Structures are given as structure tokens and as C-alpha cells.
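Structural overview
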Amino acid sequence: MSWLSEFVRPKIRALVGGNDVPDNLWHKCPACEQMLFHRELEEHLHVCHACGHHLRVSAKQRLEMLFDDGAFTIVDLPAVTADPLKFRDSRRYTDRLKDAQSKSGEREAILVAHGKIKGQDAVIAAFNFSFMGGSMGQAVGAALLTAADTAVARNAALIAIPASGGARMQEGMLSLIQMPRTVIAIDRVREAGLPYFVLLTDPTTGGVSASFAMLGDIQIAEPGAMIGFAGKRVIQDTVREELPEGFQTAEYLRDHGMVDMVVPRGELPETIGRLISLLRGQSDHDNSPLVAIPAPTPDAS
Amino acid sequence: MPHFLDFEKPIADLEGKIEELRHLSDGEINIADEVGKLEGKVERQLRQTYGRLTAWQKVQVARHPGRPKCGDYVSTLIDEFVPLAGDRLYSEDAALVAGLGRFRGRPVAVLGHEKGNDTESRIAHNFGMARPEGYRKAQRVMDLANRFDLPLLSFVDTSGAYPGVGAEERGQSEAIARSIQSCLSLTVPFVSVIIGEGGSGGAIAIATANKIFMLEHAVYSVISPEGCASILWRDGARAQEAAEALKITAQDLMGLKLIDGIIEEPLGGAQRDPGVTIQAVGEQIGDALDTFAGMDGDALKNHRREKFAALGTAGLI
Ligand SMILES: [Zn+2]
């Protein structure tokens, strides 16, 4: 079942059943304010046809856009302590979690799935920014470890797709230690000789950007994505001067040598598939590995 | 003139009285009795106050200007210290000190954030807030430690990595991430001590160690209480509540099994007796290094990895 048939269509049906023209069939582009009809938006992979702005998408939409034919298998993720610090600010953390869960229909801010990208075996770990700002706590850290182990077990490439404001503050130090834990995860993939790519999407900041998200063998970014360590406001308060134009955008990072390429959403499967194929030494005729070079026979020496 | 924190006012008043008595005494009146009484009161007051510091009070103690800094530990505990400068790519970063020396006779590599002890040195060290160059220098020194089999010691004391335009342009995120990766690749014993403030990613970049200790009144947090308050409470002034909620004290983190031990501070905090504090830290480092004697490189690396892979997962679910 695709995201479209499972989620969008029933919702639209429910809405169209009423007398009013439903508002949420139309989305306003956050960049140019153009009104975008949902079906068109869907067809354009949630890229504004007027200005090219890449709207944020959910983890599930990511998986559907990247895996061949939108087909993938979701990987079960380990359970973690829900609220280790019994954290409460203006609201209880457990309440915020429940809200995020019921709004998104997901358990946490990340989904892990395996499938094929242009015929290449791949595991994707994709973030849901709408789930508490895609923040990284114990569940996300554990998910990345699971994603890495799945990639190793399946002899597949790992693609991390962060969309995150950083650490999940409500888990305190238990969120900070996810930085080294996610680095351990990708080191496992690295040591297995498998490719690890990062697709930086809007936004990727804080403890997420300063751990697994900057350590890809190849760093890809979506156009216009905000990527950085410190938040703009924090920097502005520190330096007390105008920030350069385009500061912390994907293009700015590319120009400063921090990412390999900025790739429009529609070209991602092709780009990722090709890179996996090149790194894994496959011939361009098919997706099967090159014939192994025979080992020298003993009498050859 | 010692620096007193807000909550130390009663102590400051008592010590002020003692000073005054000593100053007024012309030798004819015997003030010893009175001074002795007041000193007793000071001690009781210190015991009371420091025995139950709130998380926010600990933040203030951890940031105390008179607290021993990285350089004080290095100059006392490390003989023949040779500082190393530069990342070989862009610049030197004095916020993150690196070098080689001897700890109890044995060659070691050292990393630490230096906050500075006075206005001039604070500015020179950028208040202990490192830029990418600092973290890349750290990676260089970790590589040296690996190749020449030198145990690594780190002294952590930073409010966080520097949030600036240049730092971002030169890849603050990548530098921190790569520094964590370097920590995890070490095949030598790595002992880290949070001596003051352990500020987020900028701290863990040089604290992903085999053994992590905290001074009794040090703090270690994913975000500053002020920053957390302004985001979650939308009011930076509610930092006290945020400090409690974030569980940032050595005692809290020991309870969560995220650190390996707490190093006791002198009565009234490290700032009251830097010498004793530094010696206690030295003892702890010595003991920790002893526990790794005879372990080979891969075992040390695996120990660190498995420790972090397991952190937070045991006994909490
Ligand atoms: Zn637009």
C-alpha cells in the first residue's frame, strides 16, 4: 500500500464528502506563496512548479520517492525507554510524544527500510521533521544502529536522510550520547566495505549535523536545504552582524566544500543508484557484479 | 578578592567579617577566639550550601572564574609538556589545547578546552569555544597518539563549540563529527575528565572516552540551560528549571550510568583549593590508566565502542 492510497486518498475522500471545498487540497509554497494543488504537488515530488522550492516531505514519502516502484520493506526498530528523565517543560515530554505520534501516525522521528534504488540494494534511514522537529533521542540513535546492521547483514548501501533540528532536548544527555552512537553505526558500515551516503535535507542542524550526517562517503544535499551546526539566531547573537546571503544553504555548503553536490529531488534515485553502482564496481551492462578476476594459479610464479 | 556566587552571600559576609577583624586587630586585642568561631560558622555554612547545591547552582560553580582550568591541570599533572599548534589546514585555535607530555613518567597525549583565567587570556582562548580548527587539531593529535601508542587524556571545559560565520563555513559540524570518529578509532587508553562545563557537541567531540569522570560540581549537558529555557519555555530566564529538568549534574549522570565516576571537590568547590582538586583528578586518571594496563589496541577500541553502543540501554527499558 502506498502512502497515497493509504493516507492521502482516504483523507481527501473524507473531506470531499462534505459540502465545503477542502482547504488542504491546496498548499501554499513557503518560498513564493504560489498556491499548489495537492495532485500537482504530488506529481512534482513536492517541489514547487513555480519556483523550484523543495517542500519538506515525510519519511514515508522519502522512501516512496527513492525506492524502485515505491516498493520497500520497513525494518522493525528497537523499543527504548519512553521518557527516561521524566522531562517536563511547559508540557510533559510524554504528552508531546503522544501528540507527535498521533499526528504523524509514526512511532518516532525516523523510519528505516530496505529495498532497491535503480536496482541497487539499499537501506534508507529517513527522518520525519514533523515529528518533534526530527530530533534525535534514544529511539533515533537506536534506529541508526539498526539501519547500519541491516545494511551490513543485507550487503547493502546505507543512505541516511536527516531532517532534524538536532538533539532531543527532552532526553538530556541521553540524546547527546547518540552522536557517538550514530558514528559507531556508520563505522560498522564503513568497515564492512559498504557505501554510506548522506542526503542532507531541510533542515539538518545541531547534533545531527555534527555526527553521522557529515560523515558520508558522499554528501548530497537537496536544493535550498538549511544545513549547519549552530542556529542562525545563535550566530547572529554572537557575531552581531549581517549573515552572508545564502548562509547555511545547500548551495553555500557546496561552494564552501562541505557537500559533494546539490541534487534536485527528481534526480535523486538516478544519482544515488549510479553512485552505488560505481563504488561497488559494477559493469554498466547490468547490475551484476563484475566477474571476479581468477586467483593466480600456484604454478604461475 | 575572591569571587563569590550569588548564593554564597552568607559565606561572603562571614568571610568579610573575618577579614575586617584581622584588619582592625592591632595586636592588643586577642581576636583568635572570635576568628575561630567565625571560621567554624563559615565551614558549617559551606557544608550546608555545597552539600545540596541545585543544578543551577552547580552550573554557576562549574563556570566559576576561579575554578582551575585546563592549563592549571596540565601544568601540574603533565611534566615536560609540549603544546602542539595548528590543524595544518587553516589556523591555530587556542580554545582547544593539545600537546604531548609525561603523566607520572609515562608519555601521553593531551587535549583540553581552555577558558582562560583573566580577561586577556579568556579572549586569547576565545572563552574555551573551539572552532573547526580546534577539532581538526584534536584529530591530528589523536592520530599521533594512535601511531605512537600514547594514552590520551582530555580535560573538558567548554560552554560549546563557537557559533560563528567562519566556523560554519569551515565545517564546524564536520569537524566535530570527525573528531568523535577519531575518538572512537583510538587504539590507546582514553580518559576524559569534565572539569567544569561539558557543553554539548563541542564537549563530546573530545570526550568519547574509555573512562569519563566528572568533578563533583561539574555539569555536562546537551544544551545550555539558558538555551533550553529559551526554546522549550520560550523564556531564557527560566534556566533554573531547565537545569533541573535536563539532569546535568555529575550525580544525575552517574545515576543514568553515563559517566564512570565522580571526583570529589574540596569543601566549597574546586575554586577554594585548586591544588587539592588537581591532585584528586590526577589520582583518578592514574587509577583509570592502571585498569587498562596490558589491554591491546583492538580491545581498547572495542571497549570504547561497546561502552557507547550500550550507553543508555541498560536498566532503563
Ligand atoms: Zn514556490
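Not measured: the values here are computed from a predicted model. (Residues numbered from 1 in each chain as written. Chains lettered and ligands numbered in written order. Predicted model: local features only at pLDDT ≥ 70, side-chain atom pairs only at ≥ 80, totals over all residues.)

Some details on the overall build of chain B
When helices and strands are tallied, chain B shows 14 helices and 8 strands. Here the C-alpha atoms of chain B give a radius of gyration of 21 Å, agreeing with the 20 Å that 2.2 N^0.38 yields for 317 residues. Counting only residues that meet the buried cut, chain B has 49% of its 317 residues in that class. Summarising the internal contacts of chain B: among those between residues at least 6 apart in sequence, 71% fall at separations of at least 24. (Helix = DSSP H or I, 4+ residues; strand = E, 2+ residues; numbered from the N terminus. Rg over C-alpha atoms; globule rule 2.2 N^0.38 Å. Buried ≥ 20, exposed ≤ 12 C-beta atoms within 10 Å, placed from the backbone. Contact = placed C-beta atoms within 7 Å.)

Structural notes on the pairing of strand E5 (residues 120-127) of chain A
All names here are of chain A. Within E5, 7 of the 8 residues are buried, which leaves it mostly tucked inside the rest of the structure. The pairing of strand E4 (residues 110-117) with E5 spans 8 bridges and is antiparallel. Paired with Lys116 across the two strands is Asp121, which belongs to E5. (Pairing = 2+ DSSP bridges.)

Notes on the environment of B:Pro65
With respect to the helices and strands, B:Pro65 occurs in the loop between helix H3 (55-62) and helix H4 (70-77). B:Pro65 sits in the partly exposed class, given 14 other C-beta atoms within 10 Å.

What to know about the domain arrangement of chain A
Residues and elements named next belong to chain A. Per the domain assignment, the segments of chain A are domain 1 (1-55) and domain 2 (57-281). Once you take the C-alpha centre of each, domain 1 and domain 2 turn out to be 24 Å apart. Between domain 1 and domain 2, the residue contacts involve 9 residues of the former and 12 residues of the latter. (Domains from an automatic or database assignment.)

So, the interface of chain A and chain B
Facing 44 residues of chain A, the contacting portion of chain B comprises 42 residues. The set of elements that each furnish at least two residues to the side of chain A that touches chain B consists of helix H5 (138-153), helix H6 (173-176), helix H7 (178-191), helix H8 (206-209) and helix H9 (232-239) of chain A. When residues of the side of chain A that touches chain B are assigned to their parent elements, the largest contribution, 6 residues, is made by H7(A). Looking at the side of chain A that touches chain B, its residues break down into 28 nonpolar, 12 polar and 4 charged. (Nonpolar A, V, L, I, M, F, W, Y, C, P; charged D, E, K, R; others polar.)

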